[in-house]
Amino acid sequence: MSSVGIRLGAPGARPRTRGLVWLVARQHRAALWAGLAAVAAIAAYIVWQRAGMVGYLRAHDIQDCADWKRFCHGRRTHLERGSDPTIDALRHLTDTYRTPLLHTGRLLIALPALIGVFIGAPLFARELEMGTHQLVWTQSVSRTRWVIAKLALPLVAVTAGTAVLAALYTWWWRAARTQFQDIAWGTAVPFDATGPAAVALAPLAFFLGAAAGLLLRRTVPAMAVTLGVTAGVQYGLAALRPHLMTPRTIVSDASGDFVHTPLEVFFTSWRGIGDGYLARSGAKIPSDRCSSAIGQDGWNRCLARFGATERQYEELHPASHYWPMQWMQAGICLAVAVALAAFCVWWIRRRPAVKEAA
């Protein structure tokens, strides 16, 4: 304890800052080394899997090919035939690499919750629970500088690690997005595991944990609350995501067929946003408007009551919406994270310097 006091109490701002950084780094050295090892292992796995997948694509000359495309580098893909070299290669690609891609994405989605629970929540809760914060607060270092140092080092570490993994996973997914068209880009995997949206979730979960630790002052309850709140935030973001941008509406012909819509629009877009029928006036009648109808006759009567025609519509987000929605979600997460960081600093500054004896 005395060595800490000497380091923190040394004259001059720079020695005090160095001592404080040393103290925070020493407190978190085990977590930092464990996090570095985890990032290195996951990064190596992603690079290995992507290298194998890209090598397979090149060996079978199926880059940018898919089973829904009629031609692959000038070769016609015969979907009606039982055996076609291109289709067989695409199927083997799916069987080999689709599951690892999804599982790795799910692991990356779980990382923010793990960061909040095991790094953010104990950050202040353990200090307040054990009373060790009182020693630091009696030194010449201000509480504002202490809380900033406590937040800054873990924040930089988790953000940097998450950025590396998100960049590598985005690199992997973008090489496979044409072949794995059944994985809609707007769903949790890959959206929350790629791009700036994945990076922004890490500091948000970290500050959620730190704030929970300050408010609850107990480590285990803070960890439990952080887990629940982080899961709720991710669920809320998934519910909000379809509404970040106005979806594109495609309309069928009079017979109900989308013959004028290119296949690429269907297979590269995030679908399932909304669908239904058009009334004679052009108004949209959502399909769920008649969800309580019983049988085909009931369904037809319900649609007739609303004046539905045979023309159908579908709402979807084209692939061009991916990056704007990524930055929008990242902006929301970072704004909340900044607010939580400001709350942590404000809360520490207003606390009494020494806890009163019970």
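Residues numbered from 1 in each chain as written. Predicted model: local features only at pLDDT ≥ 70, side-chain atom pairs only at ≥ 80, totals over all residues. Heavy atoms only, no water.

As recorded in an unreviewed UniProt entry, the protein goes by the name Transporter, listed as coming from Streptomyces antimycoticus.

A. Quick peek at the side chain of E315. Within the fold, E315 resides in strand β6 (residues 308-317). A relative accessible area of 18% means that E315 is categorised as buried. Apart from the residues lying within four places of it in its own chain, the contact partners of E315 are P247, R248, T249, G272, I273, G274 and K284. (Helix = DSSP H or I, 4+ residues; strand = E, 2+ residues; numbered from the N terminus. Buried < 20%, exposed > 50% of the residue type's maximum accessible area, 1.4 Å probe, protein only. Contact = heavy atoms within 4.5 Å.)

B. The arrangement of a nonpolar patch on the surface in detail. A contiguous nonpolar surface patch, about 310 Å² in accessible area, is contributed by L215, L216, V225 and V229. Counting only elements with at least two residues in the nonpolar patch, the list comes to α8 (195-216) and α9 (219-240). (Patch = residues over 30% accessible without salt bridge, like charges linked within 9 Å, V, L, I, M, F, W, Y side chains within 5 Å. Areas by Shrake-Rupley, 256 points an atom, 1.4 Å probe, with all protein chains shown as cover. Salt bridge = Lys/Arg side-chain N within 4 Å of Asp/Glu carboxyl O.)

C. The packing of α8 against α9, seen in detail. For the pair α8 and α9, interaxial distance at closest approach is 9 Å and the crossing angle is 140°. Here α8 and α9 pass one another in a crossing that is right-handed. Packed against α8, whose contacting residues are L201, L204, A205, L208, G209, A212, G213 and L216, the element α9 presents P221, A222, V225, T226, V229, T230, V233, Q234 and L237 at the interface. Class assignment of the residues belonging to the contact of α8 with α9 gives a composition of 12 nonpolar, five polar and no charged. (Axes fitted to C-alpha atoms, helices over the stretch in contact; angles between N-to-C directions. Left-handed = near helix turned anticlockwise from the far one by under 90°. Nonpolar A, V, L, I, M, F, W, Y, C, P; charged D, E, K, R; others polar.)

D. Molecular detail of the environment of G272. Looking at the element boundaries, G272 is found in strand β4 (residues 270-279). When sequence neighbours within four positions are dropped, the list of residues in contact with G272 reads E314 and E315.

E. Seen up close, the state of the cysteines. This model, assessed by the stated rule, comprises one disulfide. Between C290 and C302 runs a disulfide, and the two sulfur atoms are separated by 1.9 Å. What sets the handedness of the C290 and C302 disulfide is the S-S torsion sign, and at about -85° it is left-handed. Linking C290 in the loop between β5 (284-286) and α11 (295-305) with C302 in helix α11, this pair joins segments that are 12 residues apart in sequence. Residues C290 and C302 agree in their burial class; the two are buried. (Disulfide = S-S within 2.5 Å.)

F. Molecular detail of the side chain of R50. Among the structural elements, R50 can be located in helix α3 (residues 29-59). A distance of 3.0 Å separates the side chain of R50 from the backbone oxygen of W171, its partner in a polar contact. Contacts of R50, omitting those with residues within four sequence positions, involve W171, W172 and A175. (Polar contact = N/O pair within 3.5 Å; in protein donor to acceptor, adjacent residues only side chain to side chain.)

G. Structural detail: the UniProt feature "transmembrane region" (unreviewed entry) in the protein. Look at the UniProt record and you will see "transmembrane region" (unreviewed entry) annotated at residues 30-48, 107-125, 146-173, 193-215, 222-240 and 327-348. Overall, residues 30-48 shows 100% helix and 0% strand. The separation of its end C-alpha atoms is 27 Å. With 100% helix and 0% strand, the stretch residues 222-240 has end C-alpha atoms that lie 26 Å from each other. (UniProt positions renumbered as here; feature names shortened; annotations may be inferred.)

H. Here's a closer look at unusual backbone geometry. Residue P190 follows V189 across a cis peptide bond; omega there is 25°. With respect to the helices and strands, the residue P190 is situated in helix α7 (residues 188-191). One non-glycine residue, D61, lies in the positive phi region at around 55°. One can find D61 in the loop between α3 and β1 (71-72). In this structure, D64 is a non-glycine residue whose phi angle is positive, near 60°. On the basis of relative accessible area, D64 is assigned to the exposed category, the value being 54%.

I. Representation of the packing of aromatic side chains within the structure. Summed over the entire model, instances satisfying the criterion amount to 12 aromatic pairs. Judged by centre distance (5.9 Å) and plane angle (80°), the ring pair of F191 and Y322 falls under edge-to-face. Separated by 131 residues along the polypeptide, F191 in helix α7 and Y322 in helix α12 (residues 322-350) bring together distant segments of the chain. Under the relative-accessibility criterion, F191 is labelled buried at 0%. With a centroid separation of 5.3 Å and 65° between ring planes, the pair formed by F206 and F207 is classed as edge-to-face. (Phe/Tyr/Trp six-rings, centres within 6.5 Å; stacked < 30°, edge-to-face > 60°.)

J. Geometry of the confidence of the model for the protein. For the protein, mean pLDDT is 86; residues scoring 70 or higher make up 86% of the total. Across residues 354-358 the pLDDT falls below 50, and counting only partners more than four positions away or on other chains, this stretch makes three contacts in the model. (pLDDT = per-residue confidence, 0-100.)

K. Seen up close, the nonpolar core. Judged by nonpolar contacts, the single largest core of 39 residues is most densely connected at M53, I62, L101, Y169 and F180. For this core, the secondary structure elements donating two or more residues are α3, α4 (85-130), α6 (143-176), α7 and α12. No other element matches α4, which puts 10 residues into this core. Beyond its immediate stretch of four places on either side in the chain, I62 contacts Y56, L57, C72, H73, R75, T86, A89, L90 and Q179. Among the nonpolar cores identified, the runner-up in size contains 27 residues, and I115, F207, L208 and L214 belong to it. (Core = buried A, V, L, I, M, F, W, Y, C linked by side-chain atoms within 4.5 Å.)

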